Amino acid sequence: MKKVISFIAASLFCFMLDTPVAAQVITSDTYNDGLYVENGTGVKKIVAYPEVREADILWKKRVWREIDFRQKMNLVFYYPRDSHQNWRRFMDVIMDALKEGRCQAYEVTVTGELNKPLPYTKLMNGLNTTRYQSIYDDYGNKIGDTAISIAFNPESVTRLRIMEDWYFDAHRSQMMVRIEAICPVTMRDINDSVQMPNELFWIPFDDNTRSVLAEAPVYNRQNSAARMSYDDLFWKRQFDSYIYKEENVYDRSIQDYATGVDALNESNRIKQEIIDFEQNVWEY
């Protein structure tokens, strides 16, 4: 009996080997130069923020940070310059989301509040610039000016500002942080040797924005098979930044009362103050 069962199993195995297997159908004409057809981050849900009750917040401080894309750790925000496959620059992701209506932009206000929504058409009219060029005749005499429209280039954004809240949650006995809004920044020439940051617009870092960022993959230096998204980048705080403002009675930035090394020391002092508060909670 055992011999019969073995013979039947061997026959079925040989039949399966002889049966042709349907080949994978590739609908795109693009040549796949990788090990497999990558799906980017796929359909990915954002990690929900923990519920916060006002009664549980024993301490809170709002700070503003700046991420400089020129820093080595932040290069993933600025590259690739040309979008290909699933890879897109951070500003390309944001601008596409604004165009599709998936994110809402707000005007930059003196108080820093997000209370003036910017429609996409008005936003782009403000981002696009006009340059006037003189017109001369054959004898070198100026006969007028011509207006040249310059479209906004996402490559001009070299920094990103973040508004975030640090708070101590008594329910979890943990110091936590939540990003509230982000702001792309370009550098504006004041003269030949001085540049000043120019805030373009603010975007709430809500579930809508996070969902957009969760769909955009980011280069992973350690492992290309373990894809990350821009939302993961912010969630895990894998970026280099410095504090340029904290909430204060004067409502002023650090650059308003300190420069050079003094400004850097003041930024580190604010950062250390947050760390010290968490450490002092556990002293007994």
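Below, the structure is looked at part by part. (Residues numbered from 1 in each chain as written. Predicted model: local features only at pLDDT ≥ 70, side-chain atom pairs only at ≥ 80, totals over all residues. Heavy atoms only, no water.)

1. Regarding the packing of helix H3 (residues 90–100) against helix H4 (residues 120–127)
Right, on to step 1. Running from N to C, H3 and H4 cross one another at 140 degrees; their axes reach a closest spacing of 9 Å. When the interaxial angle is binned, H3 and H4 end up oblique. Side by side, H3 and H4 meet where Met95, Leu98 and Lys99 of the first sit next to Tyr120, Leu123, Met124 and Leu127 of the second. (Axes fitted to C-alpha atoms, helices over the stretch in contact; angles between N-to-C directions. Helix = DSSP H or I, 4+ residues; strand = E, 2+ residues; numbered from the N terminus. Parallel < 35°, antiparallel > 145°, perpendicular 65-115°, else oblique. Contact = heavy atoms within 4.5 Å.)

2. Re the pairing of strand S7 (residues 174–189)
Right, on to step 1. As defined by bridge partners, strand S6 (residues 159–169) adjoins S7 across 11 bridges and the pair is classed as antiparallel. Among the inter-strand pairings, Asp165 is bridged to a residue of S7, identified as Arg178.
Right, on to step 2. Between S6 and S7, which pair antiparallel in sequence order, lie 4 residues; one of them, Ser173, sits at a positive phi of approximately 55 degrees.
Right, on to step 3. Of the pairings in the sheet, the one linking S7 to strand S9 (residues 203–204) comprises 2 bridges and is antiparallel in character. Of the residues in S9, the one forming a bridge with Ile182 is Ile203.
Right, on to step 4. Looking at chain direction, S7 and strand S8 (residues 195–199) are connected through 5 bridges and run antiparallel. (Pairing = 2+ DSSP bridges.)

3. Some thoughts on a nonpolar patch on the surface
Right, on to step 1. The grouping of Ile190, Val194 and Met196 at the surface amounts to a nonpolar patch, some 230 Å² of accessible area in total.
Right, on to step 2. Look at Met196 and you get partly exposed, because its relative accessible area is 34%. (Patch = residues over 30% accessible without salt bridge, like charges linked within 9 Å, V, L, I, M, F, W, Y side chains within 5 Å. Areas by Shrake-Rupley, 256 points an atom, 1.4 Å probe, with all protein chains shown as cover. Salt bridge = Lys/Arg side-chain N within 4 Å of Asp/Glu carboxyl O. Buried < 20%, exposed > 50% of the residue type's maximum accessible area, 1.4 Å probe, protein only.)

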